[in-house]
Structures are given as structure tokens and as C-alpha cells.
Amino acid sequence: MAGRINDEDVKAVRDAVPIDAVVSEYLQLRNAGGGNLKGLCPFHDEKSPSFQVSPSKGLFHCFGCQEGGDTLTFVMKVDHLTFSEAVERLAGKAGITLRYEEGGYNPSHQRGERIRLIEAHKAATDFYIAQLESAEAEIGRKFLAERGFDQAAAAHFGVGYSPAGWDHLTRFLRGKGFTDKELILSGLSQDGRRGPIDRFRGRLMWPIRDIGGEVVGFGARKLRDDDNGPKYLNTPETPVYKKSQVLYGIDLAKKDIAKASRAVVVEGYTDVMACHLAGVTTAIATCGTAFGGDHIKILRRLLMDNGSARVIFTFDGDAAGQKAALRAFEDDQKFAAETYIAIAPDGMDPCDLRLAKGDEAVADLVQPRTPLFEFALRQIVARYDLETPAGRAAALDEAAPVVARIKNTGAQHEVAVQLAGMLGILDTQFVVKRVAQLARWARERGSKGPAPQRGVAPQGPAPVARQGHAGPALNLRNPVYATERELLKLALQHPDLVSPAFDAYGVDEFTAAPYAAVRQAILDAGGAEYGTQDPQDYLVRVRDAAPDDGVRAMVTELAVEAIMRRTVDAAYAGEQLVTVRLRAVDRRVRDVQGTFARLAGSHGDPEQLSAVQNELWVLQQYGRALRERGAAAL
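A short tour of the structure in this document, coming up. (Residues numbered from 1 in each chain as written. Predicted model: local features only at pLDDT ≥ 70, side-chain atom pairs only at ≥ 80, totals over all residues. Heavy atoms only, no water.)

## As for the side chain of Thr556
Alright, step 1. Tracing the chain through its elements places Thr556 in helix H26 (residues 549-560).
Alright, step 2. Residue classification places Thr556 among the buried positions, given a relative accessible area of 0%.
Alright, step 3. A distance of 2.9 Å separates the side chain of Thr556 from the side chain of Arg543, its partner in a polar contact.
Alright, step 4. Sequence-distant contacts of Thr556, that is, excluding residues within four places in its chain, are made with Leu59, Phe60, His61, Gly68, Gly69 and Arg543. (Helix = DSSP H or I, 4+ residues; strand = E, 2+ residues; numbered from the N terminus. Buried < 20%, exposed > 50% of the residue type's maximum accessible area, 1.4 Å probe, protein only. Polar contact = N/O pair within 3.5 Å; in protein donor to acceptor, adjacent residues only side chain to side chain. Contact = heavy atoms within 4.5 Å.)

## Focus: the pairing of strand E14 (residues 310-314)
Alright, step 1. Buried residues dominate E14, accounting for 4 of its 5 residues.
Alright, step 2. Two strands pair when backbone bridges link them, and strand E12 (residues 262-266) and E14 are joined in this way by 4 bridges, in the parallel orientation. Looking at E14, one finds that Val265 is bridged to Phe313. (Pairing = 2+ DSSP bridges.)

## A closer look at helix H3 (residues 71-79)
At 3.6 residues per turn, the α-helix brings residues three or four places apart onto the same side.
Alright, step 1. Burial analysis of H3 places 7 of its 9 residues in the buried class, the great majority of the element.
Alright, step 2. The complete set of buried residues in H3 reads Thr71, Leu72, Thr73, Phe74, Val75, Val78 and Asp79.
Alright, step 3. The N-cap residue of H3 is Asp70: its side-chain oxygen and the backbone nitrogen of Leu72 are 3.2 Å apart.
Alright, step 4. Of the residues trailing H3, His80 is marked for its positive phi of about 55°.

## Observations concerning helix H19 (residues 409-423)
Alright, step 1. With 15 residues, H19 should reach 21 Å at 1.5 Å per residue; the first-to-last C-alpha distance of 21 Å fits that figure.
Alright, step 2. By the burial criterion, the buried members of H19 are Gln412, Val415, Ala416, Leu419, Ala420, Met422 and Leu423. Buried residues of H19, viewed axially, fall in a sector of 155°; they line one side. Relative to its buried face, H19 has exposed residues pointing more than 90 degrees away, namely Glu414 and Gly421.
Alright, step 3. Positive backbone phi, approximately 75°, marks Gly424, located one or two places after H19. (Expected span 1.5 Å × (residues − 1). Arc of directions from axis to C-beta.)

## Considering the side chain of His295
Alright, step 1. Mapped onto the fold, His295 is located in helix H13 (residues 293-303).
Alright, step 2. Given the relative accessible area of 1%, His295 is considered buried.
Alright, step 3. Within the local environment of His295, its side chain forms a polar contact with the backbone oxygen of Ser244, the two atoms lying 3.2 Å apart.
Alright, step 4. A distance of 3.3 Å separates the side chain of His295 from the backbone oxygen of Val246, its partner in a polar contact.

## What to know about the packing of helix H12 (residues 269-277) against helix H15 (residues 350-357)
Alright, step 1. Two elements in contact, H12 and H15, have axes separated by 7 Å at closest approach and are oriented at 45°. As the angle between them shows, H12 and H15 are arranged oblique. Contacts between H12 and H15 pair Thr270, Asp271, Ala274, Cys275 and Leu277 from the former with Pro350, Cys351 and Arg354 from the latter. (Axes fitted to C-alpha atoms, helices over the stretch in contact; angles between N-to-C directions. Parallel < 35°, antiparallel > 145°, perpendicular 65-115°, else oblique.)

## What about the packing of aromatic side chains?
Alright, step 1. Considering all chains together, one arrives at 18 aromatic pairs under this definition.
Alright, step 2. A ring pair is formed by Tyr26 and Phe74, whose centres lie 5.6 Å apart and whose planes are at 70°; its orientation type is edge-to-face. With Tyr26 in the loop between helix H2 (19-23) and strand E1 (30-33) and Phe74 in helix H3, the pair connects residues that are 48 residues apart, well separated along the chain. Both residues of the pair, Tyr26 and Phe74, count as buried. (Phe/Tyr/Trp six-rings, centres within 6.5 Å; stacked < 30°, edge-to-face > 60°.)

Here is the structure:
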């Protein structure tokens, strides 16, 4: 049974690894003001960034899908890890040796499954790299040299060689303590007649890394004629390798993609190598599958979908390459970036082009050339005889729906005009109207369907819950909720400004149920006073004290959301404290007044009536003091 990681070590990992450094491995972050950073959320599709990171608090929160938490939560969610696996991964980055309770630390039994598979791939990478120096690997070194890749290039990309024997890697990894079950699960080995054997044998090996830089699989290139396998053999689907969700070279290209707002999509491993060596360091490739929606999500988070973002596809000029380009166009509208296609005049791929004409030719190839939509339309139009009216009409029938899919109406109009020119139709407005009509029909069809059910509006001031989220759908025009929210934000983000007064506030002073739950969590975590001593651990404790995921998400949201006032000081904090307390006092005054009226009307117990009257007088005096003296009266 896995041992529990020591609590002090978990805290050390949280403190040692900055959340912005971790999140930046997956998406581009920009300044959001107030010390926060923002980017496109990795957990849901969005057009504008609603995902915020607070480096000072070690927290993230998406105001779109409500996902949030600390560094460990982010790694768990983005890489689908358990808590222990996330701690172990970050500990590895920070160089922290973890201590395990319940019997000490046994790496072979107490590491999470994903961590073990990643470690097996790392060991395999080192093994393959070492084997590239062997006499047997001469054929592999020759293959690389013939394509313009020297030893330094191979080392930069981690290229290696898998020996031709049956179980060289399998025996090596067994010696490192990996079990047969782990080797099969990782895809590095496969079942043989007498036990596990190597999956890859006698091939050049390219390690495939995820966006965080971890090796999750391999691409293996056939070298010998007697190898009856496919030209390229990739790792099968495993718990750590999903070919539709990885891009070869993304670990090397991500920073330059984010910096330049530009990505170049090529077809193969050697094309990525050729591009990077030619100075095109934004090149990436899919791994044995078509470029699809999950790949787009990865790139969009790096590109941030700003107006200058560019994605350039380079496909071979043959029929297969053209088909791949048309498949890419199917998902084109999922990008906010402009998409282009670059095909060398002689149909060479970047690797061949670099060999034939040098680095400058590769750099020139990937300069934005033909817009992808234009290429797709030309491929459609080319199939018809445009010399006849019937041919032009048929071409329009197939091409117009493609143009109608362009969401930007201005761009749609411009492309429709271009389509008219391609078809040789002089009546440009006819084509424009046809495209607009198809687009309108598509929108109308998309808007049909069952209308969302509307619940009965709640009576009284209780807020309506967000769909799929336990937090309130705040009506910011309601000043009660807005002030309660602001005070909780201050208590979480600036506990020194509201302590110790805040810790005397009752849970019932917060009228929105989720806010009351957050107030209780702060109380259970030691109060705002504790936050003045250890701000980062304070937030961890508050989140841990939350009774469920909904309240936990609300804590994160409030800890990350910007304060409404640019200058956050004791005076502003005092205003929020007074407003919340004064409203609580006024509510209590109304309650007591009602009680007094009932007792007086029913000729109740004089002693009880006197006590109620005395409480009412005290409350009224306290309310007057709050109005006149402000925070000094708290």
C-alpha cells in the first residue's frame, strides 16, 4: 500500500515551485493587472482569456468554467494525476526528496502509476541514446547523416537507436526495478511467447515529449529492408500517451510559439528537426495522426488567439498532402489565428528542401503563403469544368458552404468575392448573397433545439446558483452581495487589512449561502489573523477547510479575483467591514422590532418585553456609532 507523503514535504513542494512557472509550461500568460496573470483556460474552450493566476498566492482560477486551486491542483487536473503523483512530479522539478509515512519510501511500490511510466520512458530514452553510439547503430547514424543531421542535432532532439534483439530494453528496464506489468502498460514492451519483448527493435527512435517536457512515447523509423513493420511505428495508446493530444517538438517550440504568436505544423520528425536547425524554432508535428481539435487546443493556449497569430501548415505536394491540408481546414474555424499553407514548388518537404537548398529555403518556405481557406477552395474548384455554366454552378454549390462556415462576417464577404473570381462568375453579388444565405440557414439550424429549462425564480434575496457550480450567480447590482464578496476577497487576499475585526464577524452576517460557507472555512482555518502570519499556507488551510468542491472553488475564485478598488488600503477595508456589519445590525434591528411588536400586541411578559426593548436600544446605538464613526466603532 502506498505510503502517505509527509505533510511538511507537501508544503515544501507547494512553496518551492512557483505556480506561474508551472502554468506557463501549458499556456501563454500575460499581465492581468493587480499582480495577476491571465491566459486561455486549458480546461475549456474560450475565445478570450478568463483564466487567471495569482503568483503571490499560489492559486489559479478560471472565471469561465470555475476550475481553480493551487499548483498541485493545476497539475492534477491538466495531466490527470492523483494528488501523490502531482506532488512527486513537482518534487522532481524542485529537487526535493519526499518522505513517506507508513513504512518509509519504496520507489518501486510507492510511486504513482503515471510517474512510474514517465520514469520508464526516461530510462528508455537514455538507453536508446547510448545505443546510438554502438556498432550496430551505424545504419541509423548513416540515415541521419544523409538527411543533414550530425551528432549534435541527434543529441539536441534526443534521437536514439533500439537494438535489433528481442528484449534488450526489457531486460535493461527490469534491472532498473520496473515490473513486466509496467513495461507492457507503458507500451515499451509487448507480450511475446515466453514473456515481454521489446516493442521497438532495430529502429531509429525519436522521444515524444508532452508540453511539460516529459517523454510519454516514441516514434520509431524503419531502417532495414527485412523489417516487415510500417515505415514509422509509434507508441500505442497508453495512460500517458494519447496521439491526438501530443505534438512532437512542442516542448522545444512552446516558448517561441508564445513569443512570436506563430506556429508551423509539419508532417514528420525529420521535418521538425530540419525546421529548428534552419532557425524555424516554432515547428511542431503530429505523431502518426491527422491534425485535429485537441492539437488546436494546445496551440490556442500558446498563441493566445491575438490578432497577429499565425499557423502555417506545410504538407507534401502530393495527393496525400493535399488531403491532409483539407482535413486541417475542417477545423480551421476553431482557430482565431490566421491559417496558411506552404507547399514547396517542387513538392519537397522541409527536410528534403534543407538538403537541396539550405536553411534559407526552409525559412522562406514557411513565411505565410496561401491562406488555408483559399487553398481549400482552389482544391474544390479544380475538380469542375469552369468553362460550362453547369460546372460553375456545381463548383459554387460545393464551395459556398465552405465559405459560409467562416464566422467573421467581414472575412466571409471578402472570401465570397474571391470565390466569385475563382469561378469566373461576373455577378459577384450573386455569390456573396448565396454565401450569406447559407450562413444564415446554418445559424438558424444551430439555434434550434430544446430551449434550456428555466427554474422558478427564488423568493427573497437568496442568490441563484451558477449552473454546474455551487457559487452564486451574482447580481452585481445588488450591493449586499457585492460588498460581502469584496470583504471576503480582502479577508483572503489582504488579511492584515481586516484583522482582527473580521474574525469577530459571524457566519450569519453573510447573506449569500456560499459566502457564509467561505466565512466558515476561514474561521475553521484559524481566521484572518492566521493569514497575517503565513499568507500562502493560510489559503491552503482555508481551501482544505472548505466542506465541498463548490465552496473550495469559491475560495479560490475570491482569492484570485481583483479587488474593485485600485488603491487597496486600511480605509477601503474599513468601509467594507462597516458596510457588512451595519447591514447585519439593520437586519437584526428589523427582527427585534418585529418581536417587540408581537409581544406588545399580545400583552406578553413585561420582563421579556423589557429585554427586547433594551436589545433594540443597544442595536440602534451601535448602528448610529457605525454610521458616524465608521471602522473606529467596530
